[in-house]
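Now for the letters of each chain:
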Amino acid sequence: MRYAFLVAWREYAENVKTKGFWIGIFIFPLLILISFSAGGWLEKTKPVRYYVLVDQSGKLEAPIEAALERLQQRKVFEAFGKYVQANARHEQGRTALDLEKVPAIDPEKFMAQFADDNPEQVERFIKEGGLDAALAQARGLLRPDAPEFSAPRRAFQRAPLPDGVAADLAPAELAEALKPYLRHEREVLVDGQPAELFAAVIVPADVSERVVRPGTVVLPGSEQAGVQYWSSNLADEDLKDEVERACDEEIRRGEYVARGVDAASVREVQRTHVPFAALDPKKEAGEEAVSMADVIRQWAPMGFVYLLWVGIFTIAQMLLNNTIEEKSNRIIEVLLSSVTPGELMMGKLIGIAAVGLTMIGAWIGSLLGILQLKAGPEAEFASELLSVLRSSGLLPSFFVYFVLGYLLYAGAFLAIGSLCNTLKEAQNMMGPIMVIMIVPLFTMAFIPKDPNGTLATVLSWIPPYTPFVMMNRAAADPPMFERVGTLVLLLATTIFVLWLSGRIFRLGILRTGQPPKFMELLRWVKSA
Amino acid sequence: MHVLELERVTKLYGDFKAVDDVSFAVQEGSITGFLGPNGAGKTTTLRMILGILKPSAGRISVFGAPSALEVRTRIGYLPEEKGLYKKMKTWAIVAYFATLKGLDRHSAKRRALELLERYGLKDFAEKRTEALSKGMGQKVQVLAAIAHDPELVILDEPFSGLDPVNQQVLEEIVRDLAKRGRTVVFSTHVMQHAERMCDRILLIARGKKLLDGTVAEALRTIPRRLVIESDDDVASLRALPDVLAVQPAAGNGTGRWELRLRESSDPQVVLQHCFARGIRLRRFDHADPTLHEVFVNLVGPDAREASFR
């Protein structure tokens, strides 16, 4: 055993010194940090999109412009809400608040206005004077050292028609004339500056006659007779969606008027709703409501399955690589004059497991750390996730499944490593294992939807999948019988695989030349 | 006392007999040369001695133990194909192998640095082994094999790949070990090394032991050769009791003859005979046989065949 630990110590010390290990350690928290801030960052770096709008009917231009303005106001509203929350005085609502400066405002209420971005609040925000008014109101609430608020940039900006393109051309000709601009072969001029044209919206003069009503027969190709939206970027659909919604709304408004229906009442009717709650029967009375924490609890295991998969694969691969290094460098012979193959194998398993646990530990530690930092009133998600991780049994079961899953796959990888002289040979033999290992990645997303269903149950009883699938189901409290049963089966299989690969390892490790055929392997296992 | 004993050891790979019924014993404090052509079974025998391979039949005893692994801390081994962990520092790899042989981490490090300094590798101690040349790497491995001061050192082809200066260094290392009462077994096909250094020679070919004895005994296995040149009749030499054969030698046109003498006979007898009979000699060449000749004589045809198999 002493020798196995010596081997393990070397494996650990040498692997921890490699660049790859440190990159692995840091890449994960970096990815989390990026994904936390990427949304905002992407939004900020997205260039201003220029569009031209030609409304030959004269009916839709104003509604479209108004809708885009509303979109912008909503962004301002959201950003302002975050700004106020981040910079409010901590003693809000207490004596520290200078009531003289903000006589008419209840700070709690004021803050609450920005807590949610439902359309009515945005509507009121615009009606009450927009950003300027809100800034004036908020001034007394903010910390003295609060930075200036900078409103988000306008995402979509209207550009004038380029010179030489007349607004009264037929829609088809107009589109033809704009195409070079849309393909970015030419640039439009905005305030004297050349700019890329992102999209063109063309509304034909007879748009009202093109309205499709229930019962209208829609001929193929007739969609083009209505509003046309041209753009060579089909991935960014924000503008398209907003324009389409605005057009539909305006057309519908016209319909109400034509049919003598009061449009204002329709709008009010549309905003009525009945209270609706999603409830969980497993919870105590009074706590049945499905909260964000429950949703997170449902889906967090998926993250762990992924982590488990990446972790197991990374370090089993590490094990394979350095077994092959020892073999191809012929270090193995000196080793085997000092330790038995069994000790060598055990040492490698333990050493690499320690490397893996260090890496995974650093990952989980940094995840908790980042969540801790981010957690707070403005990051409900982070704080809920943090409390879910702390309270549930996710982390302990992750640890157990990680160790067992690792030993199972590592055993197989070690046996392969001992048979091959080069990484290339190993990759050929890895094929079948890769096919087996890829399955949990596919099922990962389906299992939380039916965590105790047939697919999940069946996969749980297949030992190579047990760690991943049971981890996946962790939130759904699978029956105790399944939890213990699959664990015992996994343990037994792991022991068997390690025993088997021990025999292969002993014979394969000194072998040179072609990897053996399968039948030859069987003979080895029997004879060893 | 015998440090190492092999008794009728055989190793089969399928139907192929890599080692065939080999027995020998190694005396404590001796240097034994293990000779044989390529593919003779030297490495297989050494691996069996170390317990890396199990013999198909026969008995091996190392320090009285049936498996070398039981006494591994007393053995040092340099395998034929030499490799090091590329990313490890030179001192660390020497120390690592020493800890695997029972030294504690601290003394292993001290010992590694000490050896590297003594054998001119001090500047490389902190470098990764990938920075070493092939010969230096081999020296490092020899040091790794002896870092724990083993009682029995087994070196498989230690001289191959070393330049003459470092071959000299290695010879000194081996002699030092023997001087301190350590036992050394090494395989080689450079006969000069074996001849210079070995107390005993063990020659195997095609898995079979052909010769086992001291260098002098080995040399005695081939007859002495004497080359003379004379225009006179040399037939009378055949009558001498020490002369086994008189044959025309290559380039006989000028009267060159090759005489084969009984082992341990004195060539002076031939010279005196020639004086007495008035045979005038233009040339009288006699060379002591070398281990090289012994080797070629015993395994020549085999080795040739093996290399073209």
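Residues numbered from 1 in each chain as written. Chains lettered and ligands numbered in written order. Predicted model: local features only at pLDDT ≥ 70, side-chain atom pairs only at ≥ 80, totals over all residues. Heavy atoms only, no water.

K.L.:
Even after reading the chapter, I still don't get the sheet that holds strand E6 (residues 152-156) of chain B, so can you show me in this structure?
P.N.:
Where strands meet in a sheet, backbone hydrogen bonds hold them as pairs that are either parallel or antiparallel. All names here are of chain B. In space, the 6 strands of this open sheet follow the order E5-E6-E7-E3-E8-E9, with mixed pairing throughout. Strands with a single pairing partner mark the edges of an open sheet, and in this sheet they are strand E5 (75-78) and strand E9 (208-214). On average, each strand axis in the sheet is inclined to that of its neighbour by 15 degrees, with strand direction left out of account. With 5 bridges connecting them, E6 and strand E7 (residues 183-188) associate as parallel partners. By the bridge assignment, leucine 152 is partnered in E7 with threonine 183. Contacts between helix H1 (residues 42-49) and the sheet are confined to strand E3 (31-35), E5, E6, E7 and strand E8 (200-205), with E6 contributing the most and set at about 150 degrees to the helix. (Pairing = 2+ DSSP bridges. Helix = DSSP H or I, 4+ residues; strand = E, 2+ residues; numbered from the N terminus. Axes fitted to C-alpha atoms, helices over the stretch in contact; angles between N-to-C directions. Contact = heavy atoms within 4.5 Å.)

K.L.:
Explanation requested: the interface of chain A and chain B in the structure shown.
P.N.:
The parts lose accessible area when they come together, and the size of an interface is often stated as this lost area. Across the boundary between the two partners, chain A contributes 22 residues, which contact 26 residues of chain B. Across the chain A to chain B interface the summed buried area is about 2,400 Å²; carbon plus sulfur atoms make up 56%. If you sort the residues of chain A by the area they bury against chain B, Arg10, Glu333 and Ser337 of chain A come out on top, with a joint share of 24%. Our count for the chain A to chain B interface comes out at 2 salt bridges. A salt bridge links arginine 47 of chain B to glutamate 333 of chain A; the nearest nitrogen and oxygen atoms lie 2.9 Å apart. Viewed at the interface, chain B and chain A are joined by 7 residue pairs in polar contact (both at pLDDT 80 or more). Counting residues per element, the ones that place at least two in the side of chain A that touches chain B are helix H1 (2-16), helix H10 (292-328) and helix H11 (332-338) of chain A. Among the elements that make up the side of chain A that touches chain B, the one with the highest residue count is H1 of chain A (7 residues). Broken down by class, the residue content of the side of chain A that touches chain B amounts to 10 nonpolar, 4 polar and 8 charged. (Buried area = accessible area lost by both parts, 1.4 Å probe. Salt bridge = Lys/Arg side-chain N within 4 Å of Asp/Glu carboxyl O. Polar contact = N/O pair within 3.5 Å; in protein donor to acceptor, adjacent residues only side chain to side chain. Nonpolar A, V, L, I, M, F, W, Y, C, P; charged D, E, K, R; others polar.)

K.L.:
Whenever I open this one, the domain arrangement of chain A confuses me. Can you help?
P.N.:
Along its sequence, chain A is carved into domain 1 (2-29 + 291-527) and domain 2 (49-270). Each of domain 1 of chain A and domain 2 of chain A was reduced to a C-alpha centroid, and the two centroids are 50 Å apart. (Domains from an automatic or database assignment.)

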